Structures are given as structure tokens and as C-alpha cells.
Number of protein chains: 2
Amino acid sequence: MSAESKDRFAALPKPPYFVVAFSSHRTVGDCGYADMAQTMLDLAEQQPGYLGYESVRGADGFGITNSYWIDEASIISWKQVVDHLAAQGRGRRDWYERYEVRIALVQRAYGFVKD
Amino acid sequence: MSAESKDRFAALPKPPYFVVAFSSHRTVGDCGYADMAQTMLDLAEQQPGYLGYESVRGADGFGITNSYWIDEASIISWKQVVDHLAAQGRGRRDWYERYEVRIALVQRAYGFVKD
């Protein structure tokens, strides 16, 4: 398995914990998005209760980011950070054509790694 | 919003319902994967309790598929279909370097669509 692949997976802690499933379609053009996304990631890693994230975006602009959190309180704190960043920057409406957010309690989890 | 974007999002039913978050890193080469993936999608749509899916894979082979289900029973039935398909085909070990599966209960959900 390549180092890149390893880097793209989050850890698999024993449930229960939470996932925030964020699917989005980006607007055309950067509009400050890349800087904001990196800042968000750096801040997430410092956030209490943060367990990791997995993210991928296709060439057509559609992407999914699943982030993992110890509890709902840490998700709510994180949302305040994101909202603050969005208010400072150009705002979510400039970055996304559409998005959907689902907050879910992970009950079971398993994985496979090829030898 | 483009028609393609609209097609890539799942519906946003009122929670509770379940998400199966599947992150994976594909092996190099098709090995029958594309056919299997289309068959799986066609079968999922006929499956009781299926609510939709969202999926994206990057050029490096890492991808995320979140599928949505009414309850755990429908996820378990679906897993039997997937296992059967994998056994018929070349098997998951030929298609994936690594994967992680998380089964989670969606508690809150919201979305945004740009005007």
C-alpha cells in the first residue's frame, strides 16, 4: 500500500463516535477556497474531540468529506469555528453550489488492508 | 446548478436513518471492478430500505461512497448481496488495497442549495 493511500484514511477507533458526512458541489473558481480549506484542516486538528477526516473531490467539483469526532459537543464547537471562518472569508455561498451535511453516530466499524 | 451536480446528491429525508460510510483505495487496473460496481448500484436501487448514495473517487484511487438506508436490517440484507457478488466476481481483495466501513445512525441533517 502506498504512503499516499495510508495518509488518506482516518483511524478506526472503537465505536461509538460521530461522523459528519459533508457532500458538496464546488463553485467554479477558487474564490479563496483553497486557503480556507487548509486553514480549516489545521484548525480541526487542534480541536478537542477531533478524530480525523477523509476527503475526496472529483474533477466535476463534487466531493465528500467525512470527519470523525468523539462526541456531539466537539462537532458543535467545530461548527462555530467553521462559521467564524466562513464569515471572515468569502462565505460558504461563494464556495458551494450545494451541500448536504449529516451528523451520525457510528455504531459499527471495520476495515481491510491488503497484505 | 448543473444537472450533473443534482444527480450526485442523495435525497435528504428527515432523520433518523442510517449511513454506510465506505472509504476505499482501489487497486491498479479494473479487474472487473467497473462491471461489478454498476451491477451493485443497480441492485442497491432495488433493495428494500435503500435511500440513495453519494460517491466520488479521485485520480489517485482513493474514494468515498456514502449510502443511505432506512434501518440496520436493510444494511445487513444489502451486505449479503454485496458479499454474494464479491464471491461471484474476483473478490474484494482484487479490487481494494484497503477499505474502511462505518455504519452510523443519522441524527441531524441539513443542506444548502445556491439560488
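Just so we're clear, the structure is a prediction, and the values are computed from it rather than from any experiment.

(A) Region of the structure containing the sheet that holds strand β4 (residues 96-113) of chain B. The eight strands are arranged β2(A)-β3(A)-β1(A)-β4(A)-β4(B)-β1(B)-β3(B)-β2(B) in an open sheet whose pairing can be described as antiparallel. The sheet is open, and its two edges are formed by β2 (50-57) of chain A together with β2 (50-57) of chain B, each paired on a single side. Ignoring strand direction, the axes of neighbouring strands in this sheet form an average angle of 25°. Judged from the ten bridges that link them, strand β1 (residues 17-26) of chain B and β4 of chain B form a sheet pairing that is antiparallel.

(B) Layout of the packing of helix α2 (residues 33-46) of chain B against helix α3 (residues 72-88) of chain B. Residue and element names in this part refer to chain B. One can describe the packing of α2 onto α3 by two numbers: an axis separation of 11 Å at closest approach and a directional angle of 155°. Taken together, α2 and α3 sit at an angle that is classed as roughly antiparallel. For α2 against α3, the interelement crossing comes out right-handed. In contact with T39, M40, L43 and A44 of α2, α3 contributes W78, V81, V82 and L85. For the contact of α2 with α3, a count of residues per class yields seven nonpolar, one polar and no charged.

(C) Main features of the pattern of salt bridges. Taken as a whole and assessed by the stated rule, the structure comprises 14 salt bridges over all chains. For D60 of chain A, the salt bridge identified is with R8 of chain B, shortest N-O distance 2.4 Å. One end of the pair, D60 of chain A, is in the loop between β2 and β3 (62-69); the other, R8 of chain B, is in helix α1 (residues 3-8), on a second chain. On the accessibility criterion, D60 of chain A (37% relative accessible area) is partly exposed. Where R92 of chain A meets D83 of chain A, a salt bridge forms, and the shortest distance between an N and an O atom there is 2.0 Å. You can call R92 of chain A buried: its relative accessible area is 16%. Judged by its relative accessible area of 31%, D83 of chain A is partly exposed.

(D) Inspection of the environment of S77 of chain A at higher detail. By secondary structure assignment, the location of S77 of chain A is in helix α3 (residues 72-88). As a C-alpha pair, S77 of chain A and P48 of chain A span 29 residues in sequence and 8.6 Å in three-dimensional space.

(E) The relation of the copies chain B and chain A, seen in detail. Note on the identical chains: chain B maps onto chain A by a rotation of 180° and an axial translation of 0.0 Å, with an RMSD of 0.0 Å. Both copies are brought into coincidence by an operation consistent with a two-fold rotation axis.

(F) Highlighting α3 of chain A. Taking 1.5 Å of rise per residue, 17 residues should cover 24 Å, and α3 of chain A covers 24 Å from first to last C-alpha, within 8% of that figure. When α3 of chain A is considered as a whole, its buried residues turn out to be S74, I75, W78, V82, L85 and A86 of chain A. One side of α3 of chain A carries all its buried residues, which in axial view fall inside an arc of 110°. Residues of α3 of chain A that are exposed and point over 90 degrees away from its buried face: Q80, A87 and Q88 of chain A. Packing partners of the buried residues in α3 of chain A comprise β1 (17-26), α2 (33-46), β3, α4 (92-95) and β4 (96-113) of chain A together with β4 of chain B.

(G) Up close: the packing of aromatic side chains. Residues and elements named next belong to chain A. Scanning the entire structure with this criterion turns up 20 aromatic pairs over all chains. Relative to W69, the ring of Y50 has its centre 5.3 Å away and its plane inclined at 70°; by these criteria the two rings are edge-to-face. Of the two residues, Y50 is situated in strand β2 and W69 in strand β3; the sequence distance between them amounts to 19 residues. A single burial state applies to Y50 and to W69, both of which are buried.

Cut-offs used in this document
- Residues numbered from 1 in each chain as written.
- Chains lettered and ligands numbered in written order.
- Predicted model: local features only at pLDDT ≥ 70, side-chain atom pairs only at ≥ 80, totals over all residues.
- Heavy atoms only, no water.
- Pairing = 2+ DSSP bridges.
- Helix = DSSP H or I, 4+ residues; strand = E, 2+ residues; numbered from the N terminus.
- Axes fitted to C-alpha atoms, helices over the stretch in contact; angles between N-to-C directions.
- Parallel < 35°, antiparallel > 145°, perpendicular 65-115°, else oblique.
- Left-handed = near helix turned anticlockwise from the far one by under 90°.
- Contact = heavy atoms within 4.5 Å.
- Nonpolar A, V, L, I, M, F, W, Y, C, P; charged D, E, K, R; others polar.
- Salt bridge = Lys/Arg side-chain N within 4 Å of Asp/Glu carboxyl O.
- Buried < 20%, exposed > 50% of the residue type's maximum accessible area, 1.4 Å probe, protein only.
- Least-squares fit on C-alpha atoms with pLDDT ≥ 70 in both.
- Expected span 1.5 Å × (residues − 1).
- Arc of directions from axis to C-beta.
- Phe/Tyr/Trp six-rings, centres within 6.5 Å; stacked < 30°, edge-to-face > 60°.

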